[in-house]
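Spelled out from the first residue to the last, the chains are:
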Amino acid sequence: MTRRLAADADGIAEAAALLAAGELVAFPTETVYGLGADATLPRAVARIFDAKGRPHFNPLIVHVPEAEAAWLQVAPTDLARALAEAFWPGPLTLVLERRITSRVALLAGAGLDTLAVRVPAHPVALALLRATGTPIVAPSANRSGQVSPTCAEHVLDGLDGRIAAVIDGGACAVGVESTVLDLTGSMPVLLRPGGVATEALVAVAGPISRAIPHAVAEAARTLRSPGLMVSHYAPTLPVRLDAVAVAADEALLAFGPPLPGAGATFQLSLARDLPEAAARLFEGLRTLDATGLRRIAAMPIPPEGLGEAIGDRLARAAAPR
Ligand code: TXA
Ligand code: MG
């Protein structure tokens with residue numbers, strides 16, 4: 001029922017026509033596959049929540065092909081312009097004051113007076129955004145609470161028959177979602193670590209407040225950004241973090257030379273390369289989940305660079321459900 005479109009001119013034109021007709025189309029970005037809808041069509045935006053089975057109306061990220069298109073929807077601060085200059089196109093999402101002239105459906109922003117905007121660094125995503133000529137909202141193209149998709153096959157695993165089409169653009173290079181930064185207060189607030197490392201953000205933005213003490217900050221973060229619930233990105237199997245030994249009935253998510261004795265092993269990066277590990281993370285969780293072993297044991301990942309986003313996703317996968 002869900003059509004698989006080629007990532008060529010014909011496929012993109014077809015996808016743009018479906019979006020204009022209010023249909024949902026999944027498409028590749030550099031982070032994960034997004035489930036797109038025309039942001040200006042309230043019924044299309046509402047269908048996203050239905051297709052994903054999203055429990056609340058979490059606000060969605062508005063995708064545009066360049067910064068100037070973003071500034072039509074939100075009012076940029078000087079810092080927003082500097083960050084856009086440094087990181088767009090790329091895996092950074094900025095939360096800013098919504099303009100009263102914005103045509104983005106209110107549901108897309110979950111009724112907040114802010115909107116999240118980003119310019120994805122993927123040729124297919126950019127071509128699609130240019131072809132539609134309208135802002136596109138796109139959460140990750142997975143059923144709510146499940147692992148984000150990093151290839152077209154993952155999208156179909158969760159959403160086949162529930163969406164009109166998916167553009168098959170191969171595997172996503174970054175593999176974890178964008179970094180979400182709230183610029184509406186006096187100091188930037190990191191709402192979600194992601195594809196842009198916090199160190200790189202700080203180099204441009206200066207001090208950033210980080211809601212790090214996890215349990216304490218979680219309630220506040222959930223209110224501020226409802227998509228950031230603790231148990232998110234959850235595979236079916238339980239997940240054990242920071243494994244330094246592994247049992248035969250466990251599936252090992254390895255980072256570097258694997259611990260011996262696991263029932264199955266998925267290697268994130270033998271060379272302990274964090275970008276490589278980020279790109280393979282969600283595929284690894286899916287693959288190990290499918291082994292049907294008792295539990296996934298994840299080896300420790302250093303919390304620097306993209307390791308922060310990887311650790312955040314693993315902590316969510318391991319959270320009590
Ligand atoms: O990499 C990504 O960001 C992917 C690709 C498809 O672009 N998209 C994605 O969307 O991860 P989603 O819906 O899974 O996550 C969006 C996050 C949620 O945690 C949501 O709560 C937060 O951004 N968010 C969106 N609008 C917001 C707003 N106005 N204020 C605060 N947080 C917001
Ligand atoms: Mg998501």
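Check the entry above for the structure.
To keep things clear, this report deals only with the structure shown in the data block. (Residues numbered from 1 in each chain as written. Chains lettered and ligands numbered in written order. Predicted model: local features only at pLDDT ≥ 70, side-chain atom pairs only at ≥ 80, totals over all residues. Heavy atoms only, no water.)

Observations regarding the sheet that holds strand β2 (residues 25-27)
Rule in force here: Between any two strands, pairing holds if DSSP finds at least two bridges. Note on conventions: DSSP H or I runs of at least 4 residues are helices, E runs of at least 2 residues are strands, and numbering of each starts at the N terminus. Residue contacts are defined here by distance: any two heavy atoms, one from each residue, within 4.5 Å place the two residues in contact. Fitted lines through C-alpha atoms give the axes, limited to the stretch in contact for helices. The angle between two N-to-C directions lies from 0 to 180 degrees.
Pairing in this open sheet of 11 strands is mixed, and the strands run β1-β8-β2-β3-β7-β4-β6-β5-β9-β10-β11 from one edge to the other. Whereas interior strands pair on both sides, the edge strands pair on one side only; in this sheet they are β1 (3-6) and β11 (209-210). Note that strand β5 (residues 92-97) and strand β6 (residues 114-118) share four bridges and pair antiparallel. What sits directly across from E97, in β6, is T114. This element, helix α6 (residues 152-159), spans β1, β2, β3 (34-38) and β8 (165-168) of the sheet and lies at about 165 degrees to β8.

Points about the side chain of T150
Which entries qualify depends on this criterion: Note on exposure labels: buried denotes an accessible area under 20% of the residue type's maximum, exposed denotes more than 50%, and partly exposed covers the range between, all computed with a 1.4 Å probe on protein chains only.
Looking at the secondary structure, you find T150 in the loop between β7 (136-137) and α6. Exposure remark for T150: the relative accessible area of 4% places this residue in the buried category. If near-sequence neighbours (up to four positions away) are discounted, T150 is found in contact with T31, V32, Y33, G170, A171, C172, G175, F282 and E283.

Quick word on the environment of A234
Mapped onto the elements, A234 comes out in the loop between α8 (214-224) and β12 (239-240). For the pair A234 and Q146, spaced 88 residues apart in sequence, the C-alpha to C-alpha distance is 5.2 Å. With residues near it in sequence (within four places) discarded, A234 still touches G145, Q146, V147, A317 and R321.

Things to note about the packing of helix α9 (residues 274-289) against helix α10 (residues 307-318)
The description of two packed helices rests on the angle between their axes and on the distance between the axes. Convention followed: Throughout, the term roughly parallel applies to angles under 35 degrees, roughly antiparallel to angles over 145, roughly perpendicular to angles from 65 to 115, and oblique to all others. Crossings are assigned a handedness: left-handed for a near helix turned anticlockwise from the far helix by less than a right angle, right-handed for a clockwise turn.
Remark: α9 packs on α10, axes separated minimally by 9 Å, with the N-to-C direction vectors making an angle of 20 degrees. With respect to each other, α9 and α10 are oriented roughly parallel. As for the relative orientation of α9 and α10, their crossing is left-handed in sense. Contacts between α9 and α10 pair L274, A277, A278, L281, F282 and L285 from the former with G307, I310, R313 and L314 from the latter.

Observations concerning unusual backbone geometry
The linkage connecting W88 with the following residue, P89, adopts the cis geometry, with an omega of -5 degrees. Assignment of secondary structure puts P89 in the loop between α4 (78-87) and β5. Backbone geometry places D242, a non-glycine residue, at a positive phi of 50 degrees. In this fold, D242 is placed in the loop between β12 and β13 (250-255). Looking at D242, the relative accessible area reads 52%, which means it is exposed. For R272, which is not glycine, the phi torsion reads 55 degrees and is therefore positive. Its place among the elements puts R272 in the loop between β14 (264-269) and α9.

Considering the environment of V176
The topology assignment puts V176 in the loop between β8 and β9 (179-182). A residue is classified by how much of its surface remains accessible, and V176, at 0% relative accessible area, is buried. Put simply, V176 and A278 are 102 residues apart on the chain and 5.9 Å apart in space, counted from C-alpha to C-alpha. Ignoring any residue separated from it by four or fewer positions in sequence, one finds V176 in contact with T31, V32, G194, G195, A278, L281, F282, A309 and R313.

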